[in-house]
Amino acid sequence: MNHFQKDCEYNKIINHVLTNEEFLKINNCRHHGITRLEHSLRVSYFSYKISKKLKLNYKETAVASLLHDFFTDDQLTKKEHSLSAFTHPKKCLKNANKYFVLSDMQKDIIYSHMFPLIPTRPPKYLESWLVSMVDKVVAAYEFILSYHKLCFLKLENIAAVLMLVLVRF
Ligand SMILES: [Fe+2]
Ligand SMILES: [Fe+2]
C-alpha cells in the first residue's frame with residue numbers, strides 16, 4: 001500500500017478527482033516509465049505534505065498538483081506531441097477546467113508547472129513554485145528508476161542469452 005492510500009485526510013481532499021472517469025484515463029498513459037496517474041499521485045502527495053508543513057493552501061495544492069498532467073496522448077496532435085513539454089500545460093488546464101471547479105491559484109499551479117522550461121509562465125503563487133519544483137524532483141527520480149530498470153532488464157536478457165548458449169554446448 002502506498003503512503004497516500006493510508007492518509008485519510010489526503011484521500012478525502014482528492015477523492016472527487018480520483019473518482020472522475022475522464023481523469024482516470026491518464027492511468028492508460030505512459031509517463032517517465034510508469035503511468036501518468038502514478039506520477040501525478042506522487043507529485044500531488046509530496047506537494048500536499050510539504051505545503052501543509054509550510055502552512056500553505058495544502059488542500060488546493062493537493063488537487064491542482066494531481067491535475068497538473070491531466071491529458072491523454074490522443075488529445076495532442078502529432079506536432080503538439082513532439083513538443084509536449086511545452087504544449088501540455090495548456091491542454092491540462094483546459095481539461096481540468098472542463099471537469100472541475102478551480103481557483104485562480106489552482107489554475108496557475110497547472111499552467112505554470114513547466115517553468116523555467118516555459119520561461120514566459122513564471123509561477124504567481126508560492127504553491128505554484130512548490131508544485132513546479134516537486135514535479136521536477138519526482139520526474140528526475142522516476143527517470144533514474146526507469147533507467148535502472150531498463151539496465152537491469154538488459155543485463156537479465158544478456159544473462160538469459162548466455163545461459164541458452166551454455167546449455168546448447
Ligand atoms: Fe507536466
Ligand atoms: Fe508532471
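Here, the structure is the one placed above.
Position numbers for residues count from 1 along each chain, tracking the sequence in the order it is written. To label them, take the chains in the order written and letter them from A, then take the ligands in the order written and number them from 1. Given that this is a predicted model, residues contribute local features only at a pLDDT of at least 70 and side-chain atom pairs are listed and counted only at 80 or more, while totals for whole chains, interfaces and linings are drawn from all residues.

Participant: Can you walk me through the overall build of the protein chain in this structure?
Facilitator: Think of it this way: any DSSP run of H or I at least four residues long counts as a helix, any run of E at least two long counts as a strand, and we number them from the N terminus. Along the backbone of the protein chain there are nine helices and two strands. Of the regular secondary structure in the protein chain, the N- to C-terminal order runs α-α-α-β-β-α-α-α-α-α-α. Each principal axis of the C-alpha atoms in the protein chain carries an extent, and together these give about 70 × 40 × 30 Å. Counting other C-beta atoms within 10 Å of each residue's C-beta, where C-beta atoms are placed from the backbone, gives the exposure class: buried for 20 or more, exposed for 12 or fewer, partly exposed between. Across the 169 residues that make up the protein chain, the buried fraction comes to 32%.

Participant: Which parts of the structure should I look at to understand the environment of Phe4?
Facilitator: Mapped onto the elements, Phe4 comes out in helix 1 (residues 3–6). Sequence separation of Phe4 and Met133 is 129 residues, and the distance between their C-alpha atoms is 19 Å. Note on contacts: residues are paired as contacts if their backbone-placed C-beta atoms lie within 7 Å. Those residues in contact with Phe4, other than ones at most four positions away along the chain, are Tyr10, Leu41 and Tyr45.

Participant: Honestly, the nonpolar core in this entry has me stumped. Any pointers?
Facilitator: What tends to happen in soluble globular proteins is that the nonpolar side chains get buried as a cluster. For this entry, the nonpolar core is defined as buried Ala, Val, Leu, Ile, Met, Phe, Trp, Tyr and Cys residues connected by C-beta atoms within 7 Å. In this structure, Ala62, Val63, Leu66, Leu67, Phe70, Cys92 and Ile110 are the most contacted members of the largest nonpolar core, which totals 29 residues. Broken down by secondary-structure element, the contributors of at least two residues to this core are helix 2 (8–18), helix 4 (36–53), helix 5 (58–66), helix 7 (84–99), helix 8 (104–111) and helix 9 (126–168). By residue number, the principal contributor to this core is helix 4, which donates six residues. Leave out the neighbours within four places in its chain, and Ile110 touches Ala64, Leu67, His68, Pro89, Cys92, Leu93 and Ala96.

Participant: What am I meant to see in the packing of helix 4 against helix 5 here?
Facilitator: Packed helix pairs are characterised by how far apart their axes lie and by the angle those axes make with each other. The axes are straight lines fitted to the C-alpha atoms, using for helices just the contacting stretch, and the angles between their N-to-C directions are given from 0 to 180°. Between helix 4 and helix 5, the least distance of the axes is 8 Å, while the angle of their chain directions is 165 degrees. As summarised for this structure, helix 4 and helix 5 are arranged roughly antiparallel, according to the angle between their axes. Note on packing geometry: the crossing formed by helix 4 with helix 5 is right-handed. Contacts between helix 4 and helix 5 involve Ser40, Leu41, Val43, Ser44, Ser47, Tyr48, Ser51 and Lys52 on the former and, on the latter, Tyr58, Thr61, Ala62, Ser65 and Leu66. Across the contact of helix 4 with helix 5, the residue classes tally to six nonpolar, six polar and one charged. Roughly parallel here means an angle under 35 degrees, roughly antiparallel means over 145, roughly perpendicular means 65 to 115, and every remaining angle is called oblique. Helix crossings get a hand from a simple test, with the near helix turned counterclockwise from the far one by less than a right angle marking a left-handed crossing and a clockwise turn marking a right-handed one. As a working rule, the residues Ala, Val, Leu, Ile, Met, Phe, Trp, Tyr, Cys and Pro are called nonpolar, Asp, Glu, Lys and Arg charged, and the rest polar, with Gly in that last group.

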